[in-house]
Amino acid sequence: MAGIALRGLTKDYPGGVRAVDGLDLDIADGAFFALLGPSGCGKTTLLRTVAGLETASAGTVRIGDADVTRVPPGRRDVGMVFQDYALFPHMTVADNIAYPLRIKKVGRDERHAAAGEVAAELGLGTLLARRPGELSGGQQQRVALARAMAARPKVFLLDEPLSNLDARLRLEARTFLKRLQRELGVTTVFVTHDQAEALAMADRMAVMRDGRVEQVGTPAEVFRRPANLFVASFIGSTPMNLLPARATAEGIEAGGAVLPHPAPGVTDGELVYGVRPEYLDGSTEPVEGAFEGRVAVVENLGSTSLVTIDTGRSDRAGELVHVVVGEGEEPEPGTSLWARPRPGRALLFRDGELVGGRLEKT
Ligand SMILES: Nc1ncnc2c1ncn2[C@@H]1O[C@H](COP(=O)(O)OP(=O)(O)OP(=O)(O)O)[C@@H](O)[C@H]1O
Ligand SMILES: [Mg+2]
């Protein structure tokens, strides 16, 4: 098995698109690592460059002890599951799974024995004679995984392997993948643009934007201490409240409220106060140190509700603030609500970068 180390990795496509831009990244041996970022940020290109399906324009790729930057894909010991699975429609499940071994010139009997073994591990034993068109989406996904596993690679690269599954299958597949990775202990890079999936599955994760890494850390670190406004607004199933702020003698002023300053001493620059809707306590009675607003929208999230309040007054236009409230605590639209940040949960950004609040290590 092997870790992955990328240094100054750059990929330019013809036509002047720089899809990966001088990227440095270390992925530990045996880690389940998620690569997260918006569409077009370079996730697939990065995986393909690690696999050797694209040639790096600059920089290096190391897998384990070896510099593989110029090594062809077949000799990198990498198993990849593609965004669209890319199964061969005319081949049976058995032949699909055995394909990487055929490329490696493993004999017919041996490769079918190996394919049968992997298929059994993934619960595909009874489907070996079928073709991909005769399988459910979840089964196809497992065939793609089995094909990636068949040659027992050192590294798994999974490009949005769950994106074609419906919500329920997706949850099952998440658990299945996570368990499989634990059992095999193979270094796995998992690409997703779904932040909830990355948070739920990864040991560590990187948030990408425009071919660069914005932050690397554990899911808890990235969730609690987003390094900048981009990460702060990208992570979280209900987006973080991010309000223009101003330091005063009393504290910090944001959304018409005066609140405890998350980073006393920081007074200059362009300040943004950030607090997640989950970390605001709603009250129908007036409270000090809280946002005050009129309830504009109440959205049911299942066991909780997301309440949007408008902090505007007759004398000034208001910011919208989102608050998560518990079951049975939903306020009526049009009524007043006070939303108080829990102590220690607010963040402060200066010129886009995190400068205060929850800076302790997690
Ligand atoms: N073969 C190609 N030729 C030229 N440009 C490309 C090629 N493949 C990708 N790109 C461009 O490179 C950038 C990164 O694309 P990439 O497919 O790596 O993004 P991604 O993060 O995987 O996006 P998605 O979440 O939509 O899959 C995009 O601007 C894309 O248009
Ligand atoms: Mg992609």
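For the structure itself, consult the block above.
Note that the structure is predicted; figures quoted are calculated from it, not measured.

Parameters at a glance
- Residues numbered from 1 in each chain as written.
- Chains lettered and ligands numbered in written order.
- Predicted model: local features only at pLDDT ≥ 70, side-chain atom pairs only at ≥ 80, totals over all residues.
- Heavy atoms only, no water.
- Core = buried A, V, L, I, M, F, W, Y, C linked by side-chain atoms within 4.5 Å.
- Buried < 20%, exposed > 50% of the residue type's maximum accessible area, 1.4 Å probe, protein only.
- Domains from an automatic or database assignment.
- Contact = heavy atoms within 4.5 Å.
- Axes fitted to C-alpha atoms, helices over the stretch in contact; angles between N-to-C directions.
- Helix = DSSP H or I, 4+ residues; strand = E, 2+ residues; numbered from the N terminus.
- Parallel < 35°, antiparallel > 145°, perpendicular 65-115°, else oblique.
- Left-handed = near helix turned anticlockwise from the far one by under 90°.
- Nonpolar A, V, L, I, M, F, W, Y, C, P; charged D, E, K, R; others polar.
- Near = heavy atom within 4 Å.
- Polar contact = N/O pair within 3.5 Å; in protein donor to acceptor, adjacent residues only side chain to side chain.
- Areas by Shrake-Rupley, 256 points an atom, 1.4 Å probe, with all protein chains shown as cover.
- Phe/Tyr/Trp six-rings, centres within 6.5 Å; stacked < 30°, edge-to-face > 60°.
- Pairing = 2+ DSSP bridges.

### Here's the deal with the nonpolar core
Right, so step 1: Judged by nonpolar contacts, the single largest core of 35 residues is most densely connected at Met205, Val207, Ile235, Tyr273, Phe291 and Ile309.
Right, so step 2: Each of domain 1 (4-226) and domain 2 (238-356) accounts for three or more of the residues forming this core.
Right, so step 3: If near-sequence neighbours (up to four positions away) are discounted, Met205 is found in contact with Phe33, Ala34, Leu36, Ala198, Leu199, Gln215, Val216, Gly217, Thr218, Pro219, Val222 and Ile235.

### Focus on the packing of helix α2 (residues 93-103) against helix α3 (residues 108-121)
Packed helices, taken two at a time, are described by the angle their axes make and the gap between the axes.
Right, so step 1: Running from N to C, α2 and α3 point in directions that differ by 125°, and their axes come no closer than 9 Å. On the basis of their axis angle, the class for α2 and α3 is oblique. For α2 against α3, the interelement crossing comes out right-handed. Packed against α2, whose contacting residues are Ala94, Asp95, Ile97, Ala98, Leu101 and Arg102, the element α3 presents Arg111, His112, Ala114, Ala115 and Ala119 at the interface.
Right, so step 2: Considering only residue class, the contact of α2 with α3 consists of 7 nonpolar, 1 polar and 3 charged.

### Describing the site of ligand 1
Right, so step 1: Near ligand 1, the surroundings consist of 14 residues, among which Ser39, Gly40, Lys43, Thr44 and Thr45 are the closest.
Right, so step 2: At 2.8 Å from an oxygen atom of ligand 1 is found a main-chain nitrogen or oxygen belonging to Gly40.
Right, so step 3: In this structure, Gly42 approaches ligand 1 through a main-chain N or O atom, which is 3.0 Å from an oxygen atom.
Right, so step 4: For ligand 1, whose accessible area on its own is 640 Å², the fraction buried by protein is 62%.
Right, so step 5: The set of elements that each furnish at least two residues to the shell around ligand 1 consists of β2 (17-27) and α1 (43-51).
Right, so step 6: Counting residues per element, the shell around ligand 1 draws most heavily on α1, which supplies 3 residues.

### Topic: the environment of Ile4
Right, so step 1: Along the chain, the position of Ile4 falls in strand β1 (residues 4-13).
Right, so step 2: For Ile4, a relative accessible area of 3% translates into the label buried.
Right, so step 3: For Ile4 and Val61, which are 57 residues apart along the polypeptide, the C-alpha to C-alpha distance reads 7.4 Å.
Right, so step 4: Dropping the residues within four chain positions of it, Ile4 is found in contact with Leu25, Asp26, Ile27, Val50, Arg62, Val155, Thr187 and Val189.

### Comments concerning the packing of aromatic side chains
The relative placement of two aromatic rings is captured by the distance of their centres and the angle of their planes.
Right, so step 1: Applying the stated criterion across every chain yields a total of 4 aromatic pairs.
Right, so step 2: Where Phe32 meets Phe190, the ring centres are 5.7 Å apart and the plane angle is 75°; that geometry is what we call edge-to-face. Taken together, the positions of Phe32 in strand β3 (residues 32-36) and Phe190 in strand β8 (residues 187-192) put the pair 158 residues apart, joining distant regions of the chain. Neither residue differs from the other here; Phe32 and Phe190 are each classed as buried.
Right, so step 3: Each ring, one from Tyr273 and one from Phe291, has its centre 6.2 Å from the other, and the planes form 75°; the classification is edge-to-face. A residue pair is termed long-range when its members are at least 10 positions apart, and Tyr273 in strand β14 (residues 271-275) and Phe291 in strand β16 (residues 291-300) qualify at 18 residues.

### Some details on the sheet that holds strand β5 (residues 66-67)
Right, so step 1: Here we have 4 strands laid out as an open sheet, ordered β2-β1-β4-β5, and antiparallel in their pairing. Looking at the sheet topology across the chains shown, the edges are occupied by β2 and β5.

### Looking at the side chain of Lys11
Right, so step 1: Looking at where Lys11 falls in the secondary structure, it is placed in strand β1.
Right, so step 2: Setting aside residues no more than four positions away along its own chain, Lys11 makes contact with Val17, Arg18, Ala19, Val20, Thr45, Thr49, Glu54, Thr55 and Ser57.

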